[in-house]
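# Topology and contacts: notes
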Amino acid sequence: MTASLPVAAPPARGWRHRHLLDVDQLSRDELVGILELAVEMRTRRAAGERLHALAGEAVGLAFYEPSTRTRVSFELAARVLGADTVDLSVAGSSVTKGESLADTLRTLDRTGITIIVLRHAAAGAPYEACRAVEAARIVNAGDGRHAHPTQALLDALTLREALGGLEGRRLAIVGDVAHSRVARSNITCLTRLGAEVVLGGPAAWVRGFDAAYPGVRVAATLADALRGADAVMTLRVQLERAAAAGIGPVDAYVRDWSLTSERLDRWAPAAWVLHPGPTNEGVEISAELAASARSLIGRQVENGVPVRMAALARLAG
Amino acid sequence: MTLALRSGRFGALSDAPATFVLDGALVMDPPSGTADVREIAVVGGRIAEPALAPADAPRIQADGLVVAPGFCDLHAHLREPGGEDAETVAGGSRAAAHGGFTTVCAMPNTDPPIDDPASVTWLLARASDASCRVRVVAAATAGRAGVELPDYAALAAAGAVAVSDDGASIPTGRLASRAMVAVAAAGLPLIEHAEDASLAAGTAMRAGPVATRLGLAGWPASAEAVVVERDIALAAETGARVHFTHLSTSGSVEAVRRGKAAGLPITCDVTPHHLALTDAWVAGDRRFSWETGDDDDVARPLEDGLAYDGRCRVNPPLPSREDALALLGALADGTVDAIATDHAPHPPQRKAVPFEEASPGMIGLETALSVGLAAVDAGRLSLRRLIEALSISPARVIGEERSLVAGRPADLVVFDPASRWTVDPRRLAGGSHNTPLLGRELPGLVRLTVAAGRVTWDDGLLA
């Protein structure tokens, strides 16, 4: 037996966005609406319902940077909702032949791709993309250091379910905040949903964030960051970046900021642990902690598909 | 050569000298102290006593208009040779005439660079029938490579009015010191683009909360200040005339203020975009610096259509609001001598790309007066100071005089300060249209430009 969602997707009250470029464009109600739609999608998909919210849509996956989990979960989300998908793998396409981003996207637009999921190494590329296209809608799947809205939404969903809500909860984000689009989108998303965000990491990686994000606190030590935290998200350390950023050798990072069960037991015994993946085990997080019962890393991955289903459904039609 | 734009016509330096009488306009001539409504006459290309004008000279009633000495831009990129897809000497000079400029200093960062007497001579010949006087700034180091000094005396003899490695600073203190000794001997000013390359490397916009939110590597104010401080110390040692161009930070103008107070022969300019635009423009804000408040919310959501606009990418990057207002204050009090446009044409394909990949620079010749008048209208600047900064002071940096006194070659601009226009590609004469001001309504229409006695732009006033 099959049931279906209405094709004219759940046009949530007040939804007025043509593109999904960052969570900062979304109101608190719109954020909550997507999370609730994601839960509904997850339930219906688990129940074996056939969903059609993206029937007739052609979703193009334009990934200018390598990605496995984000690309796969977008592709699956689109297909589960009935869309055609086109994987515009970078190698062998005109992307590598020097055609500009705008020209490539204009071509996709005219070809009839209706939703372009864009991952690009340059901050702001999706904003340039939405100026280039006429009909297609753009979904940002990560732009440089700037934003990764669907990652923030799936983190918010994961945290909301683990903590029973976000209002008044405290999340610590630890690591290379400066180079992290995940951190930026999470700060915006979680604070808008009523959570408190504390940042920790080597000074070069957290400098200026308290001025840029009013209400966000920068902690001086890991202990300071963790105390009172309901959850802690640690970010991937790009090993080659550590030396260049002047934070010293990686073992200094491990000494001061690496998350282990022992440290968590001491400073935030009840806190959940998140990581956007992929992890450098033994650097920003111990293998033991990542696999422990307080790790939400698996749940984050599981929530990727339903959250992206909800995000795509919002833009459909 | 003439070319039409909307209602107006362009002329060239090779045209016949002009003769006309203008009545009813406010004549603003800071050097002579004139600032009143009176008749002004041009006879055979020279300013003349109105009573001595021929009886059949065309008479123009110009009530409500302002007459000022022609503007002089110390910093423009005319892109020849090598960048003709963006701009040419002819097109850039028409943009200049359309904006009220009668002299434009062409920067040498062309391909190949203007770094020897032959290339100076070539460029001057190229500009002989342009719509403004083109003055040549030659490279301060051979090939702009920052290693060896060219023969400054030979460059000066060929007609160069200054030297600069614009686009970069002279890289080391030692070479800058040697360059200053040599320019002082050659009688030329050194125009310095103050920017420490190691601090600026990899950055795309001004450091600060906006850059942090946008995830763009930030250009620190220190990148400019350390070179300004270095060069002021070297100017004190060498006695060289050093002109700092496109200053963008309050720390730099503070350093210039101290240097001037110590009696050093240093001068500086700012661009219209560093006065009026701010780093928030990269996030999609479109208010001028003086239109924003102290309590402005850094957390304003980005706008899909306006954020990360490559046309806001410029070097030095757009300043913080505080620094833009400090630059305005320093312009008003005379610490900043001149407004220079850093007119930097680029074709669309070098701007419609992700922000970090956009070529830096925006056009400015045709909007400089209007942006300045917007600051005047906002009470941030006097009209007299604006005219000094666009005309008298920059001309003085390259050793030229500007005045509307009788007997001098006519070199003037007539503009309507009250009329408003919308910046639109169809109303721009230059070869490129890369400015984030497109679509914005601004005050100030240039009605007539006369360079070296020739009408170079006439918006229906004479003909």
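Residues numbered from 1 in each chain as written. Chains lettered and ligands numbered in written order. Predicted model: local features only at pLDDT ≥ 70, side-chain atom pairs only at ≥ 80, totals over all residues.

## A closer look at the overall build of chain A
In terms of helices and strands, chain A carries 14 helices and 9 strands. When each of the 317 residues of chain A is scored for burial, the buried share is 53%. (Helix = DSSP H or I, 4+ residues; strand = E, 2+ residues; numbered from the N terminus. Buried ≥ 20, exposed ≤ 12 C-beta atoms within 10 Å, placed from the backbone.)

## Here's the deal with the overall build of chain B
Each helix and strand counted, chain B has 12 helices and 22 strands in total. Compactness check: chain B gives a C-alpha radius of gyration of 21 Å against a globular reference of 23 Å for 463 residues, within 12% of the reference. Its C-alpha atoms give chain B principal-axis dimensions of about 65 × 50 × 45 Å. For chain B, long-range pairs separated by at least 24 residues make up 78% of all intrachain contacts whose partners lie at least 6 apart in sequence. (Rg over C-alpha atoms; globule rule 2.2 N^0.38 Å. Contact = placed C-beta atoms within 7 Å.)

## Describing the packing of helix α5 (residues 149-163) of chain A against helix α6 (residues 181-192) of chain A
All names here are of chain A. Contact pair α5 / α6: the axes reach a minimum separation of 8 Å and the direction vectors enclose 55 degrees. Here α6 runs oblique to α5, going by the angle between their axes. As α5 runs across α6, the sense of the crossing is right-handed. Contact with α5, carried on its side by Pro 149, Gln 151, Ala 152, Leu 153, Asp 155 and Ala 156, involves Val 182, Ser 185, Asn 186, Cys 189 and Leu 190 of α6 and no other residues of that element. (Axes fitted to C-alpha atoms, helices over the stretch in contact; angles between N-to-C directions. Parallel < 35°, antiparallel > 145°, perpendicular 65-115°, else oblique. Left-handed = near helix turned anticlockwise from the far one by under 90°.)

## Thoughts on the pairing of strand β20 (residues 412-422) of chain B
Residue and element names in this part refer to chain B. Relative to β20, strand β9 (residues 66-69) runs antiparallel, the two being bridged by 4 bridges. Note that in β20 the partner of Ala 68 across the bridge is Val 413. Here 8 bridges tie β20 to strand β21 (residues 441-451), and the two strands are oriented antiparallel to one another. Paired with Asp 416 across the bridge in β21 is Leu 445. (Pairing = 2+ DSSP bridges.)

## Looking at the interface of chain A and chain B
Counting from both sides, the interface comprises 27 residues of chain A and, opposite them, 21 residues of chain B. Every element with two or more residues in the side of chain A that touches chain B is listed here: α3 (101-111), α4 (125-132), α6 and α8 (209-212) of chain A. For the side of chain A that touches chain B, the element with the most residues is α4(A), which contributes 5 residues.

## Focus: the nonpolar core
Core analysis: the biggest nonpolar cluster contains 257 residues, and Leu312(A) and Val163(B) have the highest contact counts within it. Discounting residues that sit within four places of it in the chain, Val163(B) has contacts with Val137(B), Ala138(B), Ala139(B), Ala140(B), Tyr152(B), Leu155(B), Val183(B), Leu188(B) and Leu190(B). (Core = buried A, V, L, I, M, F, W, Y, C linked by C-beta atoms within 7 Å.)

## Re the sheet that holds strand β4 (residues 137-143) of chain A
Residue and element names in this part refer to chain A. The strand order across the open sheet built from 4 strands is β2-β1-β3-β4, with neighbouring strands paired in parallel fashion. Whereas interior strands pair on both sides, the edge strands pair on one side only; in this sheet they are β2 (84-87) and β4. Averaged over all neighbouring strand pairs, the angle between strand axes comes to 15 degrees, with direction disregarded. Here strand β1 (residues 58-63) pairs with strand β3 (residues 115-120) via 5 bridges, running parallel. Within β3, the residue paired with Gly 60 across the bridge is Ile 116. Together, β1, β2, β3 and β4 form the strand contacts of helix α2 (residues 69-80), whose direction differs from that of β1 by roughly 175 degrees. Taken strand by strand, α4 contacts β3 and β4, and its axis lies near 165 degrees from that of β4.

## Focus: the sheet that holds strand β3 (residues 20-23) of chain B
Residues and elements named next belong to chain B. Reading across the sheet, the 4 strands line up as β7-β6-β3-β8 and stay open at both edges, with mixed pairing between neighbours. Since the sheet does not close on itself, it has two edges, and those belong to β7 (46-48) and β8 (59-61), each with one partner. Each strand of the sheet is rotated relative to its neighbour by a mean of 25 degrees, with strand direction disregarded. Where β3 meets strand β6 (residues 40-43), 3 bridges bridge the pair, whose relative direction is antiparallel.

## Digging into the environment of Ser248(B)
Residues and elements named next belong to chain B. Relative to the assigned elements, Ser 248 resides in the loop between β17 (242-245) and α8 (250-261). Residue Ser 248 is classed as buried on the basis of its C-beta count, with 29 C-beta atoms lying within 10 Å. Through-space distance from the C-alpha of Ser 248 to that of Val 183 is 25 Å; in sequence the pair is 65 residues apart. With residues near it in sequence (within four places) discarded, Ser 248 still touches Glu 224, His 274, Pro 316, Pro 319 and Asp 323.

## A short note on the pairing of strand β6 (residues 196-200) of chain A
For a regular strand, side chains alternate in direction, first toward one face of the sheet and then toward the other. Residues and elements named next belong to chain A. Burial analysis of β6 places 4 of its 5 residues in the buried class, which makes it a mostly covered element. Of the strand pairs in this sheet, strand β5 (residues 170-174) and β6 are connected by 5 bridges, and their pairing is parallel. Across the sheet, Val 174 pairs through a bridge with Gly 200, a residue of β6. Taken together, β5, α6 and β6 constitute a β-α-β crossover, and its handedness is right-handed. (Right-handed = clockwise from strand over helix to strand, strands pointing away.)

## Observations concerning the packing of helix α1 (residues 28-46) of chain A against α5(A)
Residues and elements named next belong to chain A. Viewed as axis vectors pointing N to C, α1 and α5 meet at an angle of 75 degrees, and their least axial separation amounts to 10 Å. Taken together, the axis directions place α1 and α5 in an arrangement best described as roughly perpendicular. Here Ile 34, Leu 35 and Ala 38 of α1 come into contact with α5, specifically with Leu 153, Ala 156, Leu 157 and Arg 160.

## Concerning helix α10 (residues 321-332) of chain B
All names here are of chain B. With 12 residues, α10 extends 17 Å between its outermost C-alpha atoms, agreeing within 8% with the 16 Å of an ideal straight helix rising 1.5 Å per residue. Of all the residues in α10, the buried ones are Arg 321, Asp 323, Ala 324, Ala 326, Leu 327, Leu 328, Ala 330 and Leu 331. Summarising the contacts, the buried residues of α10 are in contact with α8, β18 (266-270), α9 (272-276), α11 (368-377) and α12 (383-397). In the segment just after α10, Gly 334 is the residue with positive phi, at about 95 degrees. (Expected span 1.5 Å × (residues − 1).)

## Quick notes on unusual backbone geometry
Between Gly277(A) and the following residue, Pro278(A), the backbone shows a cis peptide bond with an omega angle of -10 degrees. With respect to the secondary-structure elements, Pro278(A) resides in the loop between β9 (272-274) and α13 (287-290). With phi around 70 degrees, Arg79(B) is a residue other than glycine that occupies positive phi space. The phi dihedral of Ala452(B) is positive, around 50 degrees, even though this residue is not glycine.

## Details of the confidence of the model for chain B
Low-pLDDT portions of the prediction should not be read for the details of their coordinates. Overall, the prediction assigns chain B a mean pLDDT of 96, with 98% of residues at 70 or greater. Reported confidence for the predicted complex is 0.93 by ipTM and 0.95 by pTM. (pLDDT = per-residue confidence, 0-100.)

## As for the confidence of the model for chain A
Averaged over every residue, the pLDDT of chain A is 91; the share at 70 or more is 90%. Ignoring residues within four places in sequence, the model shows residues 1-11 of chain A, a span with pLDDT below 50, making 21 contacts including any to other chains.

## Brief notes about the environment of Gly159(B)
All names here are of chain B. Tracing the chain through its elements places Gly 159 in the loop between α3 (152-158) and β13 (160-163). With 303 residues separating them along the chain, Gly 159 and Leu 462 place their C-alpha atoms 33 Å apart. Beyond its immediate chain neighbours, meaning those up to four positions away, Gly 159 contacts Val 120, Thr 121, Leu 124 and Val 136.

## Quick notes on the environment of Asp84(A)
All names here are of chain A. Relative to the elements of secondary structure, Asp 84 occurs in strand β2. The class for Asp 84 is partly exposed, based on 16 C-beta atoms found within 10 Å. Each C-alpha atom of the pair Asp 84 and Ile 113 lies 9.2 Å from the other, and the pair is 29 residues apart in sequence.

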